[in-house]
Amino acid sequence: MTDHGRALKRPRSTTPHSRGRLRSPRAAIPGRPRDAAAPAPLRAYYAHVETPFGPMLVVGEGKLLLAIKFGVTANKIAQGVADLHHELHGKYTLIPSDTKVRALAKQLQDYLAGKRTGFDVELDLSHVTPFRRDVLLACARIPRGQVRTYGEALAEDLREQC
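What counts, and at which threshold
Residues numbered from 1 in each chain as written. Predicted model: local features only at pLDDT ≥ 70, side-chain atom pairs only at ≥ 80, totals over all residues. Heavy atoms only, no water. Helix = DSSP H or I, 4+ residues; strand = E, 2+ residues; numbered from the N terminus. Areas by Shrake-Rupley, 256 points an atom, 1.4 Å probe, with all protein chains shown as cover. Pairing = 2+ DSSP bridges. Contact = heavy atoms within 4.5 Å. Axes fitted to C-alpha atoms, helices over the stretch in contact; angles between N-to-C directions. Salt bridge = Lys/Arg side-chain N within 4 Å of Asp/Glu carboxyl O. Buried < 20%, exposed > 50% of the residue type's maximum accessible area, 1.4 Å probe, protein only.

Caption draft 1: Examining the overall build of the protein more closely. Assigned secondary structure in the protein consists of four helices and seven strands. Its helices and strands taken in sequence order, the protein reads β-β-β-β-β-α-β-α-β-α-α from the N to the C terminus. Carbon together with sulfur atoms contributes 55% to the accessible area of the protein, which is approximately 11,400 Å² in total.

Caption draft 2: Up close: the sheet that holds strand β4 (residues 54-61). Strand order in the open sheet formed by five strands is β6-β3-β4-β5-β7, and the pairing between neighbours is mixed. Each having just a single partner strand, β6 (92-96) and β7 (122-123) make up the two edges of the open sheet. Bridging between strand β3 (residues 42-51) and β4 involves seven bridges; their strand directions are antiparallel. By the bridge assignment, Thr51 is partnered in β4 with Gly54. With respect to the sheet, helix α1 (residues 77-87) is in contact with β3, β4, β5 (64-70) and β6, its orientation differing from that of β4 by roughly 45°.

Caption draft 3: Summary view of the pattern of salt bridges. For the coordinates displayed, the defined rule picks out five salt bridges. Note that Asp134 and Arg133 form a salt bridge whose closest N and O atoms lie 3.2 Å from each other. For Arg133, a relative accessible area of 34% gives the class partly exposed.

Caption draft 4: Examining the pairing of β4 more closely. Along β4, seven of the eight residues are buried, which leaves the element largely enclosed by surrounding structure. Taking the residues between adjacent antiparallel strands as the criterion, β3 and β4 are bridged by two residues. Summarising the sheet, β4 and β5 pair through six bridges and their orientation is antiparallel. From the neighbouring strand, Val59 faces β5, where its bridge partner is Ala67. A loop of two residues connects β4 with β5, the two strands running antiparallel in sequence, and Gly62 in this loop sits at a positive phi of about 60°.

Here it is in C-alpha cells:
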C-alpha cells in the first residue's frame, strides 16, 4: 500500500489483549472510515423515575417508548444504563434527559398510581425477538388490575388470531 509514493506501515495495536496483532488494514488507509458499513447509533433518551413500583429507568422520547428497566436505584443508574445499552444491542446511544422523557414518565407514574387505565404511547419493539414482541404485546392487552400467566395471555392471543 502506498500513499502518494510513501509506503504505509500497518500500525500495531497497543491494547494489552492484542499485542503483536495487526489492526484491520482498512484502519491504516487515510481518509477511509474505520467501518463504513456500520450505521451510526441512534439517539435515545432516558430518565430515572420514582414510581409506586419503585425506581426505574424509562427510555424514549415524547410518546415513543423504547424500554423500561425496573429496580434501578439512584446508585445503580450507570449499571442500569450499561445493561440497557447491551439489551438494545448497542443500536442506541443513551443520553440522560428528564425533559425528553417527561411525558412518558408522567404516564407511567400515573398508571402505576392508579390514576390511568391505559397509555397513549407508541412502542418501539424493534430490538426484541419476534417471540418476545408477541409476549409483550399479549401482556399489554391484559386489563389493568388483572393477572395472567404468560401461557394464558398467549393462549388468549392465539384464540383472537384464529
